[in-house]
Amino acid sequence: MNNVPQHIGVIMDGNRRWAKAHGLSILAGHRKVVDDVLEPLIEHAAKRGVKYLTFWAWSTENWKRDRREVQGIMRLFKKNLRKRGNRLQEKGIRVRIIGDIATFDPELQKLLCELVEKTKHNTVITVVFALNYGGRDEIIRAMNKAISYQLLASLEHRRSGSAIRQGIREDKDIVAEDWRLTTDDFVNLLDTSGIPDPDLIVRTGGEERLSGFLLWQSEYSEFYFPKWFMPEFTPERLDESMEEYAKRKRRYGG
Ligand code: FPP
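By the naming in an unreviewed UniProt entry, the protein goes by Isoprenyl transferase. Per UniProt, the protein has the following entry under Subunit (unreviewed entry): "Homodimer." Taken verbatim from the UniProt record of the protein, the Function (unreviewed entry) comment is "Catalyzes the condensation of isopentenyl diphosphate (IPP) with allylic pyrophosphates generating different type of terpenoids."

See the structure below:
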């Protein structure tokens, strides 16, 4: 296949509608995705030469869902990290997490960090799970990191006695006069630091919006909004998505 996207982002939508349409419990839709959909997609994407595949698994807004659904999904995450973590490692798949996982329970955080650490040298494909992820939240956290680093740098200059020479105004307290945040600085403070922007974003389930998915990174992404639900996402449908992408002309404003 020509013109393979280096990075595909997937907004996984329609799990509950799929479950309802099949007369199943809400959790059955999520379970179907974890049990039957994700691994074949990852392996197929790797075979096609995709280098990064991002799945939005939990948004900063998803906490508003019914308590039982939230608990069920958290159990699903934990069970599958234990069950499938080693397999991902054996297959040479690298796992990264984006989003603020500090809100998850400590056991889940530990499992996630261990999987990221264990797979960090793998090169077959990088699978990025967006967990407790929101685009605005990511941008605000990056801004706060920038502010903290600036404060630390300013303090450091002061401590070394070079505050005035470095252009830091003593009177206004730790503010560097000539400090400007650049695009490159900012990109490195985002959760996706080191990951190329998504070339293609697929949102399953028929809704045609991003809902904050990779808000900064999607500037020049191509979008594909199929009607079918996430539990119906097969490797053949990944090919269809990539074929659709291959037809697009990307001009980046030029
Ligand atoms: C989207 O469909 C589903 C979610 C936002 C929740 C959870 C995702 C999973 C369980 C996938 C597995 C991920 C990992 C990392 C193991 P929806 O519930 O919004 O469906 P609807 O649009 O029909 O309401």
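Caption draft 1: Looking closely at helix α3 (residues 67-90). Taking 1.5 Å of rise per residue, the 24 residues of α3 would be expected to cover 34 Å, and the 35 Å separating its terminal C-alpha atoms lies within 8% of that figure. Along α3, the largest kink reaches about 45 degrees and is centred on R84. With a side-chain oxygen positioned 3.0 Å from the backbone nitrogen of R68, the residue opening α3 is D66.

Caption draft 2: Just the site of the ligand, in detail. As a matter of local geometry, the ligand sits amid 16 residues, with M12, D13, R16, R17 and R65 nearest to it. D13 has a polar side-chain atom sitting 2.7 Å from an oxygen atom of the ligand. G14 is positioned such that a nitrogen or oxygen atom in its backbone is 3.2 Å from an oxygen atom of the ligand. Surface burial for the ligand is 91%, taken as the share of its 630 Å² of free accessible area covered by protein chains. When atoms are counted within 2 Å of each cavity's grid points, the one that captures over half of the ligand is the largest pocket. Where the shell around the ligand is concerned, the elements lending two or more residues are α1 (15-21), α2 (26-48) and α3.

Caption draft 3: Representation of the nonpolar core in the model. By size, the foremost hydrophobic cluster in this structure holds 43 residues, and its most contacted members are I8, F55, I125, L131, M230 and F233. Considering every element that reaches this core, the biggest residue donor is α2, with seven residues. Apart from the residues lying within four places of it in its own chain, the contact partners of I125 are I42, A45, A46, V50, K51, Y52, L53, G92, I93 and R94. Among the nonpolar cores identified, the runner-up in size contains twelve residues, and I11, I98, I201 and L210 belong to it.

Caption draft 4: Local environment of the pattern of salt bridges. In this structure the tally under the stated criterion is 25 salt bridges. Residues E207 and R209 are paired through a salt bridge, measuring 3.5 Å at the closest nitrogen-oxygen approach. Residue E207 is classed as partly exposed on the basis of its relative accessible area, which comes to 26%. Owing to a relative accessible area of 45%, R209 belongs among the partly exposed residues under this scheme. With a shortest N-O distance of 3.9 Å, E222 and R250 are connected by a salt bridge. With a gap of 28 residues between them, E222 in strand β8 (residues 222-224) and R250 in the segment after α7 (235-247) connect regions that are remote in the sequence.

Caption draft 5: Fine view of unusual backbone geometry. The backbone phi angle of N132 is positive, close to 50 degrees, even though this residue is not glycine. If you trace the backbone, N132 turns up in the loop between β4 (125-130) and α5 (135-159). Exposure remark for N132: the relative accessible area of 5% places this residue in the buried category. Positive phi, normally seen in glycine, also occurs at S211, with a value near 55 degrees. Secondary-structure assignment places S211 in the loop between β7 (200-203) and β8.

Caption draft 6: Structural context of the packing of α3 against helix α4 (residues 106-118). In contact at an axis separation of 10 Å, α3 and α4 are set at 20 degrees when each is read in the N-to-C sense. Judged on the interaxial angle alone, α4 and α3 are roughly parallel. Two packed elements cross with a definite hand, and for α3 against α4 that hand is left-handed. Across the interface between the two elements, M74, F77, K78, L81, R82, G85, N86, L88 and Q89 of α3 pack against E107, L108, L111, L112, L115 and K118 of α4. Considering only residue class, the contact of α3 with α4 consists of eight nonpolar, three polar and four charged.

Conventions and cut-offs
Residues numbered from 1 in each chain as written. Predicted model: local features only at pLDDT ≥ 70, side-chain atom pairs only at ≥ 80, totals over all residues. Heavy atoms only, no water. UniProt positions renumbered as here; feature names shortened; annotations may be inferred. Helix = DSSP H or I, 4+ residues; strand = E, 2+ residues; numbered from the N terminus. Expected span 1.5 Å × (residues − 1). Bend = angle between axes of the 7 residues up to and from the residue. Polar contact = N/O pair within 3.5 Å; in protein donor to acceptor, adjacent residues only side chain to side chain. Near = heavy atom within 4 Å. Areas by Shrake-Rupley, 256 points an atom, 1.4 Å probe, with all protein chains shown as cover. 1 Å grid on protein atoms, 1.4 Å probe; cavity = no way out; pocket = protein on both sides within 12 Å on 5 of 7 lines; lining within 4 Å. Sits in = over half its atoms within 2 Å of the grid points. Core = buried A, V, L, I, M, F, W, Y, C linked by side-chain atoms within 4.5 Å. Buried < 20%, exposed > 50% of the residue type's maximum accessible area, 1.4 Å probe, protein only. Contact = heavy atoms within 4.5 Å. Salt bridge = Lys/Arg side-chain N within 4 Å of Asp/Glu carboxyl O. Axes fitted to C-alpha atoms, helices over the stretch in contact; angles between N-to-C directions. Parallel < 35°, antiparallel > 145°, perpendicular 65-115°, else oblique. Left-handed = near helix turned anticlockwise from the far one by under 90°. Nonpolar A, V, L, I, M, F, W, Y, C, P; charged D, E, K, R; others polar.

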